[in-house]
2 protein chains.
Amino acid sequence: MIIDLNSAVEFLKNNNNFLILVHGHPDGDTLGCGFALREALASLGKTARVCCNDPVPEKFNYMGKADGDDFTPDKIIAVDVADTKLLGKNFEEKYGNKVDLCIDHHGSNRLYAERTLLDSSAAAACEIVLQVIDGLGVDISKLIANCIYTGLTTDTGCFRYSNVTPRTMRLAADMIEAGAENAKINTVMFETKTKTYVALERLALDGMKMYFDGQCAFITITQEMYRLSGSDETEVDAIASIPRQIEGVKVGVTMREKTDGTFKISMRSSEAVDVSEVCATMGGGGHPRAAGCTVTGDIEKATETVLSNIKKFI
Amino acid sequence: MIIDLNSAVEFLKNNNNFLILVHGHPDGDTLGCGFALREALASLGKTARVCCNDPVPEKFNYMGKADGDDFTPDKIIAVDVADTKLLGKNFEEKYGNKVDLCIDHHGSNRLYAERTLLDSSAAAACEIVLQVIDGLGVDISKLIANCIYTGLTTDTGCFRYSNVTPRTMRLAADMIEAGAENAKINTVMFETKTKTYVALERLALDGMKMYFDGQCAFITITQEMYRLSGSDETEVDAIASIPRQIEGVKVGVTMREKTDGTFKISMRSSEAVDVSEVCATMGGGGHPRAAGCTVTGDIEKATETVLSNIKKFI
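The sections below set out a description of the structure shown in this document. Nothing here was measured: the structure is a model prediction, and the numbers come from that model.

The rules behind the values
Residues numbered from 1 in each chain as written. Chains lettered and ligands numbered in written order. Predicted model: local features only at pLDDT ≥ 70, side-chain atom pairs only at ≥ 80, totals over all residues. Heavy atoms only, no water. Helix = DSSP H or I, 4+ residues; strand = E, 2+ residues; numbered from the N terminus. Contact = heavy atoms within 4.5 Å. Areas by Shrake-Rupley, 256 points an atom, 1.4 Å probe, with all protein chains shown as cover. Lys, Arg positive; Asp, Glu negative; His and termini not counted. Charge placed at Lys NZ, Arg CZ, Asp CG, Glu CD. Pairing = 2+ DSSP bridges. Right-handed = clockwise from strand over helix to strand, strands pointing away. Buried area = accessible area lost by both parts, 1.4 Å probe. Salt bridge = Lys/Arg side-chain N within 4 Å of Asp/Glu carboxyl O. Polar contact = N/O pair within 3.5 Å; in protein donor to acceptor, adjacent residues only side chain to side chain.

1. Describing the overall build of chain A
Tallying secondary structure elements over chain A gives 12 helices and 11 strands in all. The dimensions of chain A, computed from C-alpha atoms along their principal axes, are 60 × 40 × 35 Å. Across chain A, the fraction of contacts at a sequence separation of at least 24, relative to all contacts at a separation of at least 6, is 64%. Summed over all atoms, the accessible surface of chain A reaches about 13200 Å², with 47% contributed by carbon and sulfur. In chain A, 33 side chains carry a positive charge and 44 a negative one; their mean positions are 2 Å apart.

See below:
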């Protein structure tokens with residue numbers, strides 16, 4: 001059932017022990033939602049725990065730490081979780097069919113929860129959680145401001161993407177006014193690269209190839225490159241945005257070799273090409289500007305498959 | 001003479017033919033100021049031209065083009081120009097002592113103009129120009145919104161830096177509401193890399209060295225690298241931010257070989273080290289987190305000089 005803001009606020013007021021679930025491989029938005037809501041509920045004398053199926057990266061420690069899920073809550077909340085699958089394998093089995101309230105901003109939300117507070121116009125789920133906290137009458141502490149600001153900035157690429165609305169900017173202004181350490185948070189989120197990432201990026205750039213008169217830039221990441229750099233697949237996402245950024249490139253491709261010998265393709269594009277269509281021809285999908293698919297064969301064959309399909313659209 | 005907002009607005013209302021000067025090697029803020037002000041004055045039936053000592057990069061074309069300065073204005077305005085030197089050599093000689101109104105946000109402004117409207121709390125000079133335009137009673141057109149947004153986002157690294165205030169965020173919200181193409185502008189300003197830049201970055205990363213247990217990352221850019229990549233010195237600024245971004249690095253150094261055989265040093269730091277002090281020991285200066293100096297000798301000697309001075313502060 002889709003509910004409105006007031007109903008969500010009433011639900012929180014009428015209960016006392018909450019388990020707040022964030023999605024697996026947690027990011028700044030889901031954690032910002034979780035930690036801000038925990039703080040707000042605690043300030044009302046309620047008990048709330050934030051739990052995650054996966055470890056929370058240390059860089060998020062300034063918002064707090066995740067709790068163990070060894071307690072029996074009255075109610076279970078999921079924040080920024082569009083699908084029970086995204087909770088992670090264990091948590092999906094344990095809690096997938098028991099979520100009492102989901103607060104989310106994904107238009108694709110599967111409405112798996114008993115109640116869902118959904119606003120797909122919000123750039124970050126934190127925009128909605130902030131409205132809930134305001135509705136609860138809780139003052140915005142510095143910690144809450146840091147958490148909400150983190151969600152806003154991470155889900156918008158530091159206010160760069162097209163999902164940013166005037167509201168996003170104004171809420172960020174309010175959070176800075178309430179004490180959010182905006183510059184510090186942005187440094188941690190956007191300006192810190194691990195040594196292993198830098199080593200992997202160097203190898204990736206060294207091997208980058210251009211095709212179709214510079215309209216396609218192609219990066220290949222092999223298992224050997226992970227070994228040489230000390231990096232792993234978790235660090236490839238940032239690389240995937242590089243090929244498309246090069247002047248004149250319409251389609252940027254990052255092809256990563258998986259341990260099972262298949263290749264995962266990440267495709268990014270400018271306005272000229274709809275890469276969700278390109279990937280669909282290879283059994284994948286996604287958005288017009290960012291899509292993906294899986295291809296098989298050895299490196300040469302996989303590269304050829306991808307290039308021949310791009311050629312049809314360029 | 002320092003003047004207030006009302007006096008600046010009256011000055012613009014009482015005159016009709018303006019030459020608007022932007023600084024040399026123009027950036028998004030000075031051009032955003034110039035083009036927005038030209039548009040606002042034109043909408044009041046006044047004549048205004050935007051002139052620059054140097055060519056304006058094509059990527060700024062969506063805001064308009066610069067005019068020739070072959071006309072006799074009643075009044076001369078400088079925007080985002082802290083010192084007549086920054087006008088560029090020719091323009092300094094021609095206009096340096098003739099500026100009737102300067103609108104600026106640099107606390108270091110030399111007050112060279114007849115009247116100066118200064119607000120050093122503004123993250124971008126565009127924040128001030130927008131207040132002036134509001135004071136003139138001009139509606140914010142889509143073009144003006146694009147210009148002002150450009151200044152706000154480029155002078156703050158896309159709202160990333162510590163100069164961002166709640167006002168900056170709220171004015172950006174207003175500009176998006178007035179039609180600014182925020183996502184498109186940010187793609188052009190922050191996500192487009194020339195092929196020559198990518199080639200130079202690759203060479204730079206290949207040669208990057210780490211010192212003092214990973215606390216210092218050091219990049220050297222030689223004249224040979226410009227030749228190999230087809231790039232030039234104008235593209236080094238973006239590279240200078242890379243070494244400091246690596247996890248654990250306290251001081252990031254970019255050393256570029258000049259054509260006269262000297263080396264220009266750009267130093268960036270985390271909170272731990274004040275690089276303006278480090279650079280001062282070599283006759284340079286700057287800010288605590290970003291500073292520079294010039295050193296002489298061959299590459300090995302220059303590197304050694306810089307490292308030995310950093311060592312004292314690490």
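2. Remarks on the pairing of strand β2 (residues 47-51) of chain A
All names here are of chain A. Strand direction decides the pairing type here: strand β1 (residues 17-21) and β2, joined by 5 bridges, are parallel. Looking across to β2, one finds that Leu19 is bridged to Arg49. Chirality of the crossover, the property in question, places the unit of β1, helix α2 (residues 28-43) and β2 among those that are right-handed.

3. With respect to the interface of chain B and chain A
Accessible area lost when the parts come together is the quantity often used to give the size of an interface. Taken together, the 39 residues of chain B in the interface contact 39 residues of chain A. Both faces considered, chain B and chain A share a buried interface measuring about 3800 Å² in area, 53% of it formed by carbon and sulfur atoms. Counting across the interface, chain B meets chain A through 8 salt bridges. Here Glu177 of chain B ties to Arg170 of chain A by a salt bridge, and the two come within 2.8 Å at their closest N and O atoms. Linking chain B with chain A are 16 residue pairs in polar contact (both at pLDDT 80 or more), by the criterion used here.

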